[in-house]
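Listed below are the residues making up each chain.
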Amino acid sequence: MQIPHVAVSLQNLPGKWIGMSGLVMLMLGATVDFWGFGALLRNQIKNKLALKKGNEFRKAWTKFEDPIDFKIYIFNVTNPMEVQKGQKPILVEIGPYFYEEYKEKMDMKDRREDDTVSFNPRDSWVFRADKSGGLTGDEILTIPNAALLGMALTVEREKPVALQLINKAIPFIFGDPTSVFLTAPARKLLFEGVPLYCNTTNFSAKVICSELRKKEKDLHKLGEDIFGVSFFGMRNGTPGGRLTVKRGIEDIHDLGRVVAFNGQKKMTVWSGDPCNQFKGTDSTVFAPFITAKDTIAAFAPDLCRAAEAENLGPRKFKGIKGFLFNANFGDMSTDPKLKCFCTTPDTCMKKGIHDTTRCTGAPIMASLPHFLDSAPEYQDGVIGLNPSREKHVIMMILEPLTATPMVAYKRLQFSVPIHAIEKVDLMKELPTALVPILWVQEGMELDKKYLDKVRKIYKTRRLVNIFMWIVMIAGGGMGAAGAVLELRGRNPEMDIDQPPRRRKNPIEIAPIEISTPNKY
């Protein structure tokens, strides 16, 4: 569109008129973003992101169209018999075992009364040998026997008089092991299950097996009274605990916030109220309109706590501005806010370690991979770790307007403690250490298909900002010109030095071409 040619003399226009026009333009430029386009854009984002039935975003949130990369790295213990005699475990990382992870929310129920939706999350994993760097799952690896160690450590903590019973039962249940380590193909360790033998007539073993049968839903059925234990097998394609989250229809800042788990509005797992409160979202969605002061949090049912991420400031991903967030587990031994995560007031893990014992019922410790950001003694207790911030930190880059994760990597390591227990034959000479079993990376980088949608909003916003500044600068210039003319009008004798002019033609305002921005 072309504005017609206009020729005017500034000297013939009142200074007040020019100044007021400039002021109006300045105010228009300053408010067009917030009260005009900005308000319209925010309203559209709210409508699109709120988890309304039939909403396109809700459909994508309910069932992810594309799989997420899921990589598993296993720590192979190369000196198990030496560890039995008190030496440090020597570890070699094997991986990644590459899986495609499919996420879906099952049995969704909405409640308009409190603007919530409830569901059971279901994760399914499919192995991709072509992306696993030659690994097939048949590799024979040695790791800490988490079932054996967990049984002994739990009894030591809760009922030490029964340790002799455990010692007699171990040979029958675990196949007469020679160490506290387990050697098996990777695929059995991860998904197919390693056997626990309850088809025995030994009294001690029968007592222990009666307790195992109470947890039969968490075990593979490998045969008559033979159960299998694995890290992910029983979760593969099985709906998890029931989450209730805010839909964000009434308040978009509540989008995805967890308000209940398995019908409970707060947990009873931990020793203090702060640790039992639900914080953050379900990790698959975050509230939009993030600022530089905001932090984010995501509740992890497997840990019975939220992982809180610190905002480290602006970052760009493929030309789009975002905020970088990093998370760790803090220090429950020194931070008063985290003390309630300790197993007892006197038994706290140190910096960087989250004790899941009270959550899972097993003494499994969560941390960042390779004990990144953990107390040095944990790294020193084993040989073969090489922590790297680039490879092992939990990180996300979120686009601030829509809170779209452009890059997201959740990385967690699971370890088991070992120490000498005099009444258990296989544990009499063990060193004291926290031994890593494996770590996982669940993550993605937004591909072009989705990134283009984010870029469309980003570019439109940038064009509006450019227009806003042009209007403000023009308005400021007109305001200044108006002020000068007004002063000269009030004081005719006011002399403003100007270079001589050769012609007295009025100042002409050239034609201005205004074109609509390209449609992205």
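Each remark here, short or long, concerns the structure printed above.
The structure contained in this document is the topic of the report that follows. (Residues numbered from 1 in each chain as written. Predicted model: local features only at pLDDT ≥ 70, side-chain atom pairs only at ≥ 80, totals over all residues. Heavy atoms only, no water.)

Let us now look at the sheet that holds strand β8 (residues 220-223). Read across the sheet, three strands follow the order β7-β9-β8 without closing on themselves; strand pairing throughout is antiparallel. The two strands at the open ends of the sheet, each matched to only one other strand, are β7 (194-197) and β8. Going from strand to strand, the sheet's axes swing by 40° on average, the running direction of each strand aside. In terms of strand pairing, β7 meets strand β9 (residues 226-229) through four bridges, oriented antiparallel. Residue pairing across strands places Y197 opposite I226, the latter belonging to β9. (Pairing = 2+ DSSP bridges. Helix = DSSP H or I, 4+ residues; strand = E, 2+ residues; numbered from the N terminus. Axes fitted to C-alpha atoms, helices over the stretch in contact; angles between N-to-C directions.)

Right, let's get into the environment of T432. As for its placement among the helices and strands, T432 is situated in the loop between β18 (404-418) and β19 (433-445). The spatial distance from the C-alpha of T432 to the C-alpha of V382 is 9.9 Å, given a sequence separation of 50 residues. Every residue in contact with T432, bar those within four places of it in the chain, is listed here: I418 and H419. (Contact = heavy atoms within 4.5 Å.)

Counted residue by residue, strand β12 (residues 296-300) has five buried out of five residues, so it is predominantly covered. Neither face of β12 is exposed, since I296, A298 and A300 on one face and A297 and F299 on the opposite face are all buried. By the bridge criterion, five bridges tie β12 to strand β13 (residues 305-317) in an arrangement that is antiparallel. In the sheet register, A297 faces β13, and the bridge partner there is E308. (Buried < 20%, exposed > 50% of the residue type's maximum accessible area, 1.4 Å probe, protein only.)

Two numbers describe how helix α4 (residues 146-158) lies on helix α5 (residues 163-173): the axes approach to 9 Å, and their chain directions differ by 165°. When the axes of α4 and α5 are compared, the pair comes out roughly antiparallel. The interaxial crossing formed by α4 with α5 has right-handed handedness. Residue-level contacts link L148, M151, A152, V155 and E156 of α4 to L163, I166 and I170 of α5. (Parallel < 35°, antiparallel > 145°, perpendicular 65-115°, else oblique. Left-handed = near helix turned anticlockwise from the far one by under 90°.)

So, on to the pairing of strand β3 (residues 91-111). Relative to β3, strand β2 (residues 68-77) runs antiparallel, the two sharing nine bridges. Paired with V77 across the strands is L91, a residue of β3. The pairing of β3 with strand β4 (residues 116-127) spans eleven bridges and is classified as antiparallel. Bridge pairing in β4 places K103 opposite D123. Here β3 folds back onto β4, and the loop between the two strands holds four residues, one of which, D115, carries a positive phi near 55°.

Scanning the entire structure with this criterion turns up four disulfides. Residue C304 pairs covalently with C359 via a disulfide, S to S 2.1 Å. Every disulfide takes its handedness from the sign of the S-S torsion; for C304 and C359 that torsion is 70°, giving right-handed. Within this pair, whereas C304 is found in the loop between β12 and β13, its partner C359 is found in helix α9 (residues 357-360), the two being separated by 55 residues in sequence. A sulfur-sulfur separation of 1.8 Å characterises the disulfide bridge that pairs C342 with C348. Since a negative S-S torsion denotes a left-handed disulfide, the C342-C348 link at about 105° is right-handed. On the basis of relative accessibility, which here comes to 2%, the residue C342 falls in the buried class. On the basis of relative accessibility, which here comes to 21%, the residue C348 falls in the partly exposed class. (Disulfide = S-S within 2.5 Å.)

We now examine the nonpolar core. Ranked by size, the top nonpolar core spans 129 residues in total, and within it I72, I74, Y97, L190, F232 and M427 carry the most contacts. Discounting chain neighbours no more than four positions away, the residues touching F232 are F70, I72, W125, L190, F191, L438 and V440. (Core = buried A, V, L, I, M, F, W, Y, C linked by side-chain atoms within 4.5 Å.)

A few words now on the pattern of salt bridges. Within the structure shown, the criterion is met by 27 salt bridges. With its nearest N and O atoms 2.5 Å apart, the salt bridge here joins D373 to R389. One end of the pair, D373, is in the loop between β16 (365-367) and α10 (376-380); the other, R389, is in helix α11 (residues 389-392), and 16 residues separate them in sequence. Each of R58, D110, D115 and R247 takes part in salt bridges that share partners, so that together they form one network. (Salt bridge = Lys/Arg side-chain N within 4 Å of Asp/Glu carboxyl O.)

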